[in-house]
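Working through the structure, step by step
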Amino acid sequence: MSLLVMRPGLYSTVQDCGRPGHRGAGLSGGGAMDEYALRVANWLVGNDESAAGLELTLAGPTLRTETSLLIAITGADMAPQVGGHELPMWRPVYVPAGAVLTFGAARAGCRAYIAVAGGIGTTPALGSRSTDVRAGIGGIAGRPLRAGDAVPCGEAAGAVAPSAWATAWLTALAKRSAAEGEGRPAAAWAAWYSPPLAYAGGDDDGIVLRAMPGREHGQFTPAARASFYGGRYRVAAASDRMGVRLEGPPLARTTRDELLSHGIVPGVVQVPASGQPIILGADCQTTGGYPKLAHVAAVDLPLLAQAKPGDYIRFKAIDHEEAQQLDYERAKALQALAAAIRYRLP
């Protein structure tokens, strides 16, 4: 089984939950920028949450199915369609063999995710199927999708067989599609959906990211710290999976001392000599020498992943204890969501 790439979209890659354990050798952990959206998409097609899916950025691809598939689409709204009929998101969707699945530009958010029952079966590299473009490993030849690629899906492709839950939904939705007759979309979907839980951090004044003080927080002037937490920053066009670059009031330090290179991780807010902050993303380098003003709470990294160029970001100060409590509460909510999906039977 496979999805054939007719048009690749702006930047579409195979991603899973990453390849931890290799940062000591200089290799990024990588994985989905919005791990929350990928995990939920996998649950919606009966996969293990760590299965590989497709990550679409800003503008999605055009894909053709070789066989009938059960899919789920989460994350950014890229107006997915089959046969000119728009598909709903955040629920199981049956797509018949030979259907053409199209995506447009993101109407809201930055990254969408496609999960397929059984997962995507590209060859693992160092324990992960995630595409690391800089290292040239994972996914399909370690690069974004190209027209003509065949994205392997399911057991025959080296992933796993669809679960009994997914098979039941695929069978039920295929019958529904056949019963709806002429003039109806070829696809069919569940009447229920999984409401997204991770995207409540924005308003008309921008996306709010909760952040803890970084190691060099005290090296910035009081005015710089007040500006960082009291103003707002615009997401720059140069942003990517390595880092989200921000444009706004420059942030000054109280010292000109250089720092030794040190370990860094996704969510760190670095401030280079320009004074314009950079929030590190999933593909960030493993070491760096820029001062760390703050660290975005893990619970808000899905919001960061959905920030596209031109969006505005604001920061809210929290402490480590609050960040841990937020993480605990989100974990409980996700556990409940996974259970609720598992008990939805056709």
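Coordinates for the structure precede this section.
Attention in this report is confined to the structure presented alongside it. These numbers come from a predicted model, not from an experiment.

Notes on the nonpolar core
- Counting residues in hydrophobic clusters, the biggest one holds 54 residues, and the most contacted among them are Leu3, Leu54, Ile71 and Val151.
- Breaking this core down by element, the ones donating at least two residues are strand 1 (2-7), helix 1 (35-44), strand 3 (53-57), strand 5 (69-77), strand 8 (93-95), strand 10 (108-116), helix 2 (164-179) and helix 5 (320-342).
- Filtering out sequence-adjacent residues up to four positions away, Leu54 remains in contact with Leu3, Thr13, Val14, Leu63, Ala112, Tyr113, Ile114, Ile120, Leu145 and Val151.
- Ranked by size, the runner-up nonpolar core spans 22 residues in total, among them Ile207, Ala211, Phe228 and Leu304.

Points about the sheet that holds strand 8
- The antiparallel open sheet is built from six strands, whose spatial order is 2-3-10-5-8-12. The open sheet has two edge strands with one neighbour each: strand 2 (13-15) and strand 12 (188-189).
- Sheet topology places strand 3 next to strand 10; four bridges connect them, and they run antiparallel. Following the sheet pairing, Leu56 is matched in strand 10 by Ala112.
- Those strands touched by helix 1 are strand 2, strand 3, strand 5 and strand 10, and its axis lies near 155 degrees from that of strand 5.

Observations regarding the sheet that holds strand 9 (residues 100-102)
- Here six strands make up an open sheet; going across it, the order is 7-6-9-4-1-11 and the pairing antiparallel. Across the chains shown, the open sheet's two edge strands, defined by having one partner strand only, are strand 7 (85-86) and strand 11 (150-152).
- Where strand 6 (residues 81-82) meets strand 7, two bridges bridge the pair, whose relative direction is antiparallel. Bridge pairing in strand 7 places Val82 opposite His85.

Thoughts on the side chain of Ser28
- Inspection of the secondary structure assignment puts Ser28 in the loop between strand 2 and helix 1.
- From its side chain, Ser28 meets the backbone nitrogen of Gly30 in a polar contact 3.1 Å long.

Looking at the packing of aromatic side chains
- Counted under the stated rule, the structure contains nine aromatic pairs.
- The interplanar angle of 80 degrees and the centroid separation of 4.9 Å between the aromatic rings of Phe228 and Tyr229 together place this pair among those described as edge-to-face.
- Classification of Phe228 by relative accessible area gives buried; the value is 0%.
- Three or more aromatic residues joined by ring pairs make a cluster, and in this case those are Phe228, Tyr229, Tyr233 and Phe315.

Some words on the pairing of strand 3
- Among the five residues of strand 3, five are classified as buried, and the element is accordingly described as predominantly covered.
- In this structure, strand 2 lies alongside strand 3, joined through three bridges in antiparallel fashion. Looking across to strand 3, one finds that Val14 is bridged to Leu54.

As for the packing of helix 1 against helix 5
- In the contact formed by helix 1 and helix 5, the axes pass within 9 Å of each other and the chain directions differ by 25 degrees. Put simply, helix 1 runs roughly parallel to helix 5. For helix 1 against helix 5, the interelement crossing comes out right-handed. From helix 1, Tyr36, Arg39, Val40, Trp43 and Leu44 reach across to helix 5, where they touch Leu334, Leu337, Ala338 and Ile341.
- Split into classes, the residues belonging to the contact of helix 1 with helix 5 amount to eight nonpolar, no polar and one charged.

Parameters and conventions
Residues numbered from 1 in each chain as written. Predicted model: local features only at pLDDT ≥ 70, side-chain atom pairs only at ≥ 80, totals over all residues. Heavy atoms only, no water. Core = buried A, V, L, I, M, F, W, Y, C linked by side-chain atoms within 4.5 Å. Buried < 20%, exposed > 50% of the residue type's maximum accessible area, 1.4 Å probe, protein only. Helix = DSSP H or I, 4+ residues; strand = E, 2+ residues; numbered from the N terminus. Contact = heavy atoms within 4.5 Å. Pairing = 2+ DSSP bridges. Axes fitted to C-alpha atoms, helices over the stretch in contact; angles between N-to-C directions. Polar contact = N/O pair within 3.5 Å; in protein donor to acceptor, adjacent residues only side chain to side chain. Phe/Tyr/Trp six-rings, centres within 6.5 Å; stacked < 30°, edge-to-face > 60°. Parallel < 35°, antiparallel > 145°, perpendicular 65-115°, else oblique. Left-handed = near helix turned anticlockwise from the far one by under 90°. Nonpolar A, V, L, I, M, F, W, Y, C, P; charged D, E, K, R; others polar.

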